[in-house]
Amino acid sequence: MEDQRNTFIITDYGVSTNSEKNQTKAIQSCIDACRKAGGGEVIIPEGDYLIGSLRLYSNITLRLKSGAILRGSQNLADYCDFQVPSTINYLHDEYYKKIWHLPEYYFYAMITAFKEENVKIIGEPGSLIDGQDTFDENGEEGFRGPMGIILSQITGVQLAGYCFKNSANWSHTIDGCQNVQINNVTIEAGHDGFNLHHSTNIYVSDCHLACGDDCFAGYDIEQLMVEDCFLNTACNAMRIGGDTITLKNCRFQGPGRYPHLSENTYYTHAIFKYYAIEADTIQKDAQNIRLIDSKIADADKFLVYEYGEKKLMQNNRPLRQLLIENCSTSGIRKTSNFFGNGEQVRLQFKNLKIDYTGEACFLRVDESVQLELQQVEFLNPTKIEIGKNQVIELQGLITQSFF
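Residues numbered from 1 in each chain as written. Predicted model: local features only at pLDDT ≥ 70, side-chain atom pairs only at ≥ 80, totals over all residues. Heavy atoms only, no water.

Chemist: Any details on the overall build of the chain? Residues and values, ideally.
Modeler: Counting secondary structure elements, the chain contains two helices and 34 strands. In terms of C-alpha radius of gyration, the chain reaches 22 Å, essentially the compact-globule figure of 22 Å for 403 residues. The principal-axis extents of the C-alpha atoms in the chain amount to approximately 70 × 40 × 40 Å. Burial status across the chain gives 60% buried among its 403 residues. Residue pairs in contact within the chain that sit at least 24 positions apart in sequence constitute 61% of those at least 6 positions apart. When the accessible surface of the chain is totalled, it reaches about 15,700 Å², and 43% of it is carbon and sulfur. Considering the chain, the positive charge centre built from 36 side chains and the negative charge centre built from 52 side chains are found 1 Å apart. (Helix = DSSP H or I, 4+ residues; strand = E, 2+ residues; numbered from the N terminus. Rg over C-alpha atoms; globule rule 2.2 N^0.38 Å. Buried < 20%, exposed > 50% of the residue type's maximum accessible area, 1.4 Å probe, protein only. Contact = heavy atoms within 4.5 Å. Areas by Shrake-Rupley, 256 points an atom, 1.4 Å probe, with all protein chains shown as cover. Lys, Arg positive; Asp, Glu negative; His and termini not counted. Charge placed at Lys NZ, Arg CZ, Asp CG, Glu CD.)

Quick look at the structure:
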């Protein structure tokens, strides 16, 4: 376990505050000294520090004091990929490498740790990590630069207190990790908020996400709880798949405060979009996914599920169960397709208030969907298409099942 008596202050290792000179080497020497001592705290005092790639190790807490800023270099030569053995297999798939323009060094970041234990990044109020939208013409989509934080195959992760803005790619890559706690983290602009592929036992609370891309993303996730969070995006609030996933007491609010950088658009694409990419290993069918006690406003679509669609990355294991309970929705503009395409799936709406004013159907489901409405209040006449061309119009308080 971490020895709290071991405290290492980066300015004791030749680090200059508020300098235009890259401080990576000096900060890394402090981290390495902490590692050699068996772990402890690496302290980032108030000040502005330009960095490339830092690597953390077991039993180390990176603590950003109030007013501390880690600013990502815009010189790509300052970054290193550390040859991270990621659990995300589509990174090596020739199809996705081609269509997304993924470089061989795709997994590089400002802060990296892999195959370690007990890694923490803790920020005091007013601490900041700034990716500076670092541009890489050889990166994903021809412009994305380094990730923000990569934590791969870590047992025991704690993230808290800091703000991450302008990530040049995903803000947080958390893949193959176990026992993850995230509290009071703010994300502004950039790309994805939290990517959680192949991770287990994750608790996220009191976070404020205003992302240019997906707020939460990942597949093969198990035991994820997200509560008391604000989600704002110019893409999807959650592009996700796994077993036992709950978002509770959250507020989903579009349009995005910051743009989707590849499209230069602000609208929120969808609240829930299923994720199960064929080019990776997924252990089980997705089930027990719940969105409860939440408020949803202003998005193009509520749900997106069309099992088997490669373009939607929904062609690995199917979704079996989705529950929306004690929620209100307003400002949904387009029809949600929810198609099992031969794979049975249960879609449950319980105690849901739907304020939909569109002329088109609010929801279309195919014959593979067991749709259950229990105490669902449609504030306006609302059309739902059941199976092939069977359109029903609902208004008022409805309890009804469709098989």
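On we go from here.
Chemist: Any details on the pattern of salt bridges? Residues and values, ideally.
Modeler: For the structure shown, the criterion picks out 21 salt bridges. In this structure, Lys-65 and Glu-124 form a salt bridge, with 2.8 Å as the shortest nitrogen-oxygen distance. Residue Lys-65 is found in the loop between strand S5 (60–64) and strand S6 (68–72), and its partner Glu-124 is found in the loop between strand S8 (117–123) and strand S9 (128–130); the two are separated by 59 residues along the sequence. Given a relative accessible area of 21%, Glu-124 falls into the partly exposed group. Between Lys-97 and Glu-94 there is a salt bridge; the shortest N-O distance is 3.4 Å. You can see Lys-97 and its partner Glu-94 sitting in helix H2 (residues 94–99), three residues apart, about one turn around the helix. Lys-97 gets classed as buried once you look at its relative accessible area, which sits at 15%. Through salt bridges with shared partners, a single network forms among Glu-140, Glu-141, Arg-144 and Asp-213. (Salt bridge = Lys/Arg side-chain N within 4 Å of Asp/Glu carboxyl O.)

Chemist: Any chance you could break down the side chain of Asn-232 for me, citing the residues and the numbers?
Modeler: If you trace the backbone, Asn-232 turns up in strand S20 (residues 230–233). Only 2.7 Å separates the side chain of Asn-232 from the backbone oxygen of Pro-255, close enough to count as a polar contact. In this view, Asn-232 contacts Leu-209, Ala-210, Cys-211, Cys-215, Gln-253, Gly-254, Pro-255, Gly-256 and Arg-257; residues no more than four positions away in its chain are not counted. (Polar contact = N/O pair within 3.5 Å; in protein donor to acceptor, adjacent residues only side chain to side chain.)

Chemist: Which residues make up the nonpolar core, and what values do they have?
Modeler: Among the nonpolar cores identified, the biggest contains 121 residues, and Tyr-90, Phe-216, Phe-338 and Phe-349 are the most heavily contacted of them. Sort the elements by how many residues they give to this core and strand S33 (residues 369–386) lands first, with seven residues. If near-sequence neighbours (up to four positions away) are discounted, Phe-216 is found in contact with Phe-194, Leu-196, Val-204, Leu-209, Val-226, Leu-231, Ala-237, Met-238, Arg-239 and Ile-240. (Core = buried A, V, L, I, M, F, W, Y, C linked by side-chain atoms within 4.5 Å.)

Chemist: Got a sec to walk through unusual backbone geometry? Specific residues and values, please.
Modeler: Backbone torsion omega between Gly-254 and Pro-255 reads -5°, so that peptide bond is classified as cis. Inspection of the secondary structure assignment puts Pro-255 in the loop between strand S22 (251–253) and strand S23 (270–274). In this structure, Asn-118 is a non-glycine residue whose phi angle is positive, near 55°. By secondary structure assignment, the location of Asn-118 is in strand S8. Judged by relative accessible area, which is 14%, Asn-118 ranks as buried.

Chemist: Which residues make up the side chain of Asp-175, and what values go with them?
Modeler: Relative to the elements of secondary structure, Asp-175 occurs in strand S13 (residues 172–175). A polar atom in the side chain of Asp-175 sits 2.7 Å from the side chain of Thr-87. For Asp-175, the contacting residues outside a window of four places in its chain are Ser-86, Thr-87, Ile-88, Phe-107, Leu-151, Ser-152, Gln-153, His-197 and Ser-199.

Chemist: Break down the environment of Glu-372 for me, citing the residues and quoting the values.
Modeler: Secondary-structure assignment places Glu-372 in strand S33. Taking the C-alpha atoms as reference points, Glu-372 and Asp-48, 324 residues apart in sequence, are found 54 Å from one another. With residues near it in sequence (within four places) discarded, Glu-372 still touches Arg-346, Leu-347, Gln-348, Phe-349, Gln-400 and Ser-401. Among the polar contacts listed, one links the side chain of Glu-372 to the side chain of Gln-370, at a separation of 2.4 Å.

Chemist: Provide a residue-level description of the packing of aromatic side chains, including the pertinent values.
Modeler: Scanning the entire structure with this criterion turns up 17 aromatic pairs. Relative to Trp-100, the ring of Tyr-96 lies with its centre 4.8 Å away and its plane at 40°, an arrangement referred to as tilted. With centroids separated by 6.4 Å and ring planes inclined at 80°, the aromatic side chains of Phe-107 and Trp-170 adopt a geometry described as edge-to-face. Highlighted residues: Phe-107 in the loop between H2 and strand S7 (109–114) and Trp-170 in the loop between strand S12 (163–165) and S13, separated in sequence by 63 residues. By the burial criterion, Phe-107 is buried, and Trp-170 matches it. Through a chain of ring-to-ring contacts, the aromatic side chains of Tyr-90, Tyr-95, Tyr-96 and Trp-100 assemble into a single cluster. (Phe/Tyr/Trp six-rings, centres within 6.5 Å; stacked < 30°, edge-to-face > 60°.)

Chemist: Could you give me a rundown of helix H1 (residues 24–36), with the residues and numbers involved?
Modeler: Given a rise of 1.5 Å per residue, 13 residues ought to cover 18 Å, and the 18 Å separating the end C-alpha atoms of H1 matches this to within 8%. Of the residues making up H1, those classed as buried are Thr-24, Ala-26, Ile-27, Gln-28, Cys-30, Ile-31 and Cys-34. Of the surrounding elements, those touching the buried residues of H1 are strand S1 (7–9), strand S2 (40–44), strand S3 (47–51), strand S4 (54–55) and S5. (Expected span 1.5 Å × (residues − 1).)

Chemist: Help me get a handle on the environment of Val-369, residues and values and all.
Modeler: Turning to its location among the elements, Val-369 is positioned in strand S33. Taking the relative accessible area as the measure of exposure, Val-369 reaches 3% and is therefore buried. Sequence separation between Val-369 and Cys-207 is 162 residues, and the spatial gap between their C-alpha atoms is 33 Å. Once you skip the residues sitting within four places of it in the chain, Val-369 turns out to touch Phe-338, Gly-340, Val-345, Leu-347, Phe-402 and Phe-403.

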